Protein chains: 2
Amino acid sequence: MAAALALAERGVGQTGNNPSVGCIIVRDDVIIGRGWTQNGGRPHAEAMALQQAGSAAAGATIYVTLEPCAHQSERGPACAQLVRDARPAKVIGAINDPDARTAGQGFALLAEAGIAIEVGVMASEARRQLAGFFSRLERARPFVTLKMATSLDGQIALANGQSRWITGEYARAHAHVERARCDAILVGAGTVRIDAPRLDVRIAGLESRSPRKIMLGSGDAPQGWEVLRSLDDLGQLGCNTLLVEGGAKTASAFLRAGLVDRLLLYRAPILIGAGTACLGDIGLGNLDAAHGRWQISLSRRLGKDSIEVYDALI
Amino acid sequence: MAAALALAERGVGQTGNNPSVGCIIVRDDVIIGRGWTQNGGRPHAEAMALQQAGSAAAGATIYVTLEPCAHQSERGPACAQLVRDARPAKVIGAINDPDARTAGQGFALLAEAGIAIEVGVMASEARRQLAGFFSRLERARPFVTLKMATSLDGQIALANGQSRWITGEYARAHAHVERARCDAILVGAGTVRIDAPRLDVRIAGLESRSPRKIMLGSGDAPQGWEVLRSLDDLGQLGCNTLLVEGGAKTASAFLRAGLVDRLLLYRAPILIGAGTACLGDIGLGNLDAAHGRWQISLSRRLGKDSIEVYDALI
């Protein structure tokens, strides 16, 4: 299942609204099929792996990171049907599909056909990888990551506005990989006007993975950008994952609204002092309310800089 | 030498203006004497270790973290004389004493007596441990550590002033150990008026290690405190190590004056937003000038919080 999750990782940020799924087919301890959701969402992982395995899939064991879909679409037959027709001996899944059109019916269809089913293997890892897909289906809004790049004292610019560069090349490259992993990037209208950010993925080989660009606020957006007028309409973006890159006003608005699921904090070993703080009012009334909301899940050095990732606990 | 440095660590913050030194005497692979600078500065490490070793020191090897002093004082004979008279075969030292009254003469006296001398073993570690002693003698001011305890976004209080507590008990206990390791603690007059901090070491068994308390600024200090009217007079404190604990105005003044040698950064996994920033104006004109000044030397979790230590590079 770990190998299937690694395959699924390849599609993260590339599958549109479809979940990025991984699938591995094993027969007599040999992998005979590997698949992951392809760009744009099709073919699905199971279809790709089954095509590789061919008739050898009969009697084999199939590992899949998400329940095979049970609903037929105009773009092809349901994966549960494809899997059933391949007559594997066993299907091992990580988690059920939260999509109401599948939601257990995929595994049920296989079980009815006499195929052994085991569900729940590395479920939390799969849930984490598919957090955006689950967020859109269960909360009707994308999974939101807030990125901030600050000095040790939490500043994102000098008082005169100078902000290039606080972090170094490794941290900036890491941030570009994070861009490639999400469906859309959002910045505030003020940042668009002042910084005119390109928000694309500037890493050799990953340029094609540049996500949708969203401007939050009023005014005209640059060509090729979409506009979100209010956070109340966040769900209308329809994407699974959203990366919020600033500025301070936009970051604070997302935090104030309780809309941040994950915090990416890049920090440079510098002190700025009186400059531009990374956050403004986030609606905090007392210190007790600030505690217990964030849990660190990663801490790593990136050259002279560091990155910390915090997950929202509530 | 590592063991001698560990012995010296016991006296850090307890030896007044004397350097905290460690000494180990080894004969036939057996330790026959262990010493470290005692409270208030006397006896010296060498005297203590030689007393333990007695006549067995003749022909032994002596490890000492700092050159034995060559100047006689009314409080006892010079260590170099004591060591010479004990007739060891070899003396291994980490570094020379920067005190002009010794400055190589201690080792010279031993070499003249036919004792083998080796200097420079773990020199950088010893230099680091004795940074305060070297600072006072070479720069006529204490080695200054600035402590800040902040949220992830660099705030030390809410806008309404609430600051208890940002960090948890482990971080606070760590900060108290740091207090015990320094000679004096300084806070600004504003912090004295508003917070009335006790600045003592509240760890069982270490209460007696509470350092001198200094208030920076104008106005009357509480009983038992000393007053520093201006940073220009910093050297007049006469101590080896100083811990600056705040507030933001005082921290900024030290940074602006280029007087911070080490940064202790405690951070809690919370966001505060618009509150009280840990720093004000530190005199930074452009971002280039901010880079290359700090190098991380420690990063560790303390319960839910973290500590990072940065050393000044210039």
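Residues numbered from 1 in each chain as written. Chains lettered and ligands numbered in written order. Predicted model: local features only at pLDDT ≥ 70, side-chain atom pairs only at ≥ 80, totals over all residues. Heavy atoms only, no water.

- For chain A, the name recorded in an unreviewed UniProt entry is Riboflavin biosynthesis protein RibD, with Sphingorhabdus contaminans as its organism.
- Checking UniProt for chain A, the heading Function (unreviewed entry) contains the comment "Converts 2,5-diamino-6-(ribosylamino)-4(3h)-pyrimidinone 5'-phosphate into 5-amino-6-(ribosylamino)-2,4(1h,3h)-pyrimidinedione 5'-phosphate." (UniProt positions renumbered as here; feature names shortened; annotations may be inferred.)

**As for the side chain of Thr145 of chain A**
Stage number 1. Structurally, Thr145 of chain A can be placed in strand β6 (residues 143-150).
Stage number 2. When neighbours within four sequence positions are excluded, Thr145 of chain A is seen to be in contact with Leu242, Leu243, Val244, Arg262 and Leu264 of chain A. (Helix = DSSP H or I, 4+ residues; strand = E, 2+ residues; numbered from the N terminus. Contact = heavy atoms within 4.5 Å.)

**A closer look at the UniProt feature "binding site: Zn(2+)" (unreviewed entry) in chain A**
All names here are of chain A.
Stage number 1. Under the feature "binding site: Zn(2+)" (unreviewed entry), the UniProt entry names His44, Cys69 and Cys79. The greatest C-alpha distance among the annotated residues, which extend across 36 residues, is 9.3 Å, indicating that they converge on a single site.
Stage number 2. Mapped onto the secondary structure, Cys69 falls in the loop between β3 (61-64) and α3 (79-85).
Stage number 3. Classification of Cys69 as buried rests on a relative accessible area of 6%. (Buried < 20%, exposed > 50% of the residue type's maximum accessible area, 1.4 Å probe, protein only.)

**Points about the packing of helix α2 (residues 45-53) of chain B against helix α3 (residues 79-86) of chain B**
All names here are of chain B.
Stage number 1. Where α2 meets α3, the axes come as close as 9 Å, and the angle between the chain directions of the two elements is 25°. It follows from the interaxial angle that α2 and α3 lie roughly parallel. Our pair here, α2 against α3, has a crossing hand that is left-handed. Contact residues: α2 offers Glu46, Ala47 and Leu50, while α3 offers Cys79, Leu82, Val83 and Ala86. (Axes fitted to C-alpha atoms, helices over the stretch in contact; angles between N-to-C directions. Parallel < 35°, antiparallel > 145°, perpendicular 65-115°, else oblique. Left-handed = near helix turned anticlockwise from the far one by under 90°.)

**With respect to the interface of chain B and chain A**
Stage number 1. Listed per partner, the contact involves 37 residues of chain B and 37 residues of chain A.
Stage number 2. Around 3,100 Å² of area is buried between chain B and chain A when both sides are counted, 64% of it from carbon and sulfur atoms.
Stage number 3. By the criterion of area lost to chain A, the three top residues of chain B are Leu152, Leu271 and Leu287 of chain B, representing 21% of everything that side buries.
Stage number 4. Across the salt bridge formed by Arg267 of chain A and Glu308 of chain B, the nearest N and O atoms sit 2.3 Å from each other.
Stage number 5. Elements represented by at least two residues in the side of chain B that touches chain A include exactly β12 (262-267), α10 (287-290), β14 (294-302) and β15 (305-312) of chain B.
Stage number 6. By residue class, the composition of the side of chain B that touches chain A is 22 nonpolar, 9 polar and 6 charged. (Buried area = accessible area lost by both parts, 1.4 Å probe. Salt bridge = Lys/Arg side-chain N within 4 Å of Asp/Glu carboxyl O. Nonpolar A, V, L, I, M, F, W, Y, C, P; charged D, E, K, R; others polar.)

**Side note on unusual backbone geometry**
Stage number 1. Cis geometry is adopted by the peptide bond preceding Pro43 of chain A, which originates at Arg42 of chain A and carries an omega value of -10°.
Stage number 2. The residue after Gly246 of chain A, namely Gly247 of chain A, is reached through a cis peptide bond having omega 0°.
Stage number 3. With respect to the helices, strands and loops of the structure, Gly247 of chain A is situated in the loop between β11 (241-246) and α9 (248-256).
Stage number 4. The residue Asp28 of chain B is not glycine, and still its phi comes out positive at about 50°.
Stage number 5. Here Arg87 of chain B, not a glycine, exhibits a phi torsion of approximately 55°, which is positive.
Stage number 6. Summarising the element assignment, Arg87 of chain B is placed in the loop between α3 and β4 (90-93).

**Points about the relation of the copies chain B and chain A**
Stage number 1. Overlay of chain B on chain A (RMSD 0.1 Å): rotation 180°, translation along the axis 0.1 Å. Accordingly, the operation relating the two chain copies is best matched by a two-fold axis. It is Gly154 of chain B whose C-alpha, among those of chain B, lies nearest the rotation axis, at 2.3 Å.
Stage number 2. Mapped onto chain A, 100% of the interface residues of chain B again fall at the interface, so both copies present the same surface. (Least-squares fit on C-alpha atoms with pLDDT ≥ 70 in both.)

**Some thoughts on the sheet that holds strand β15 (residues 305-312) of chain A**
Residue and element names in this part refer to chain A.
Stage number 1. The strand order across the open sheet built from 8 strands is β10-β9-β8-β11-β6-β12-β15-β14, with neighbouring strands paired in mixed fashion. Unpaired on one side and paired on the other, β10 (226-228) and β14 (294-302) mark the two borders of the sheet. Adjacent strand axes in the sheet meet at a mean angle of 25° when their direction is disregarded.
Stage number 2. Bridging between β6 and strand β12 (residues 262-267) involves 6 bridges; their strand directions are parallel. When the bridges of β12 are listed, Thr145 appears paired with Arg262. (Pairing = 2+ DSSP bridges.)

**What to know about the pattern of salt bridges**
Stage number 1. Taken as a whole and judged by the stated rule, the model has 30 salt bridges over all chains.
Stage number 2. The closest approach of N and O atoms between Arg101 of chain B and Asp99 of chain B, which form a salt bridge, is 2.8 Å.
Stage number 3. The class for Arg101 of chain B is exposed, based on a relative accessible area of 51%.
Stage number 4. A network of salt bridges, in which partner residues are shared, links Arg139, Arg141 and Asp261 of chain A.

**Thoughts on the domain arrangement of chain A**
Residue and element names in this part refer to chain A.
Stage number 1. What the domain assignment reports for chain A is domain 1 (1-135) and domain 2 (140-312).
Stage number 2. The gap between the C-alpha centroids of domain 1 and domain 2 is 33 Å.
Stage number 3. At the interface, 13 residues of domain 1 touch 15 residues of domain 2.
Stage number 4. Together, the buried faces of domain 1 and domain 2 total about 1,000 Å²; carbon and sulfur atoms form 29% of this surface.
Stage number 5. At the junction of domain 1 and domain 2, the tally comes to 2 salt bridges.
Stage number 6. Residue Arg128 pairs with Asp311 through a salt bridge whose shortest N-O separation is 3.1 Å.
Stage number 7. For the pair domain 1 and domain 2, the interface holds 11 residue pairs in polar contact (both at pLDDT 80 or more).
Stage number 8. Sort the elements by how many residues they give to the side of domain 1 that touches domain 2 and helix α6 (residues 131-139) lands first, with 4 residues.
Stage number 9. In terms of residue class, the side of domain 1 that touches domain 2 is made up of 3 nonpolar, 7 polar and 3 charged. (Domains from an automatic or database assignment. Polar contact = N/O pair within 3.5 Å; in protein donor to acceptor, adjacent residues only side chain to side chain.)

**Structural notes on the sheet that holds strand β11 (residues 241-246) of chain B**
Residues and elements named next belong to chain B.
Stage number 1. Overall, mixed pairing links the 8 strands, which are arranged β10-β9-β8-β11-β6-β12-β15-β14 in an open sheet. Looking at which strands have only one partner, the edges of the open sheet turn out to be β10 (226-228) and β14. Ignoring which end each strand starts from, the neighbouring axes of this sheet average 25° apart.
Stage number 2. Bridge count for strand β8 (residues 184-188) against β11 is 4 bridges, and the pairing is parallel. Bridge pairing in β11 links Val187 to Gly246.
Stage number 3. Its contacts with the sheet put helix α7 (residues 169-180) on β6 (143-150), β8, β11, β12, β14 and β15, and the angle it makes with β12 is roughly 160°.

**Describing helix α4 (residues 105-112) of chain B**
Residue and element names in this part refer to chain B.
Stage number 1. Residues of α4 that are buried include every one of Gly106, Phe107, Leu109 and Leu110, and no others. All buried residues of α4 project into a common sector of 155° when viewed along the axis, lining one side.
Stage number 2. As for α4, its buried residues are in contact with α3, β4 and β5 (116-119). (Arc of directions from axis to C-beta.)

**Considering the pairing of strand β9 (residues 212-216) of chain A**
All names here are of chain A.
Stage number 1. Of the pairings in the sheet, the one linking strand β8 (residues 184-188) to β9 comprises 5 bridges and is parallel in character. Within β9, the position partnered with Ile185 by the bridge is Lys213.
Stage number 2. In this structure, β9 lies alongside β10, joined through 3 bridges in parallel fashion. For Met215, the partnering residue across the bridge sits in β10 and is Val227.

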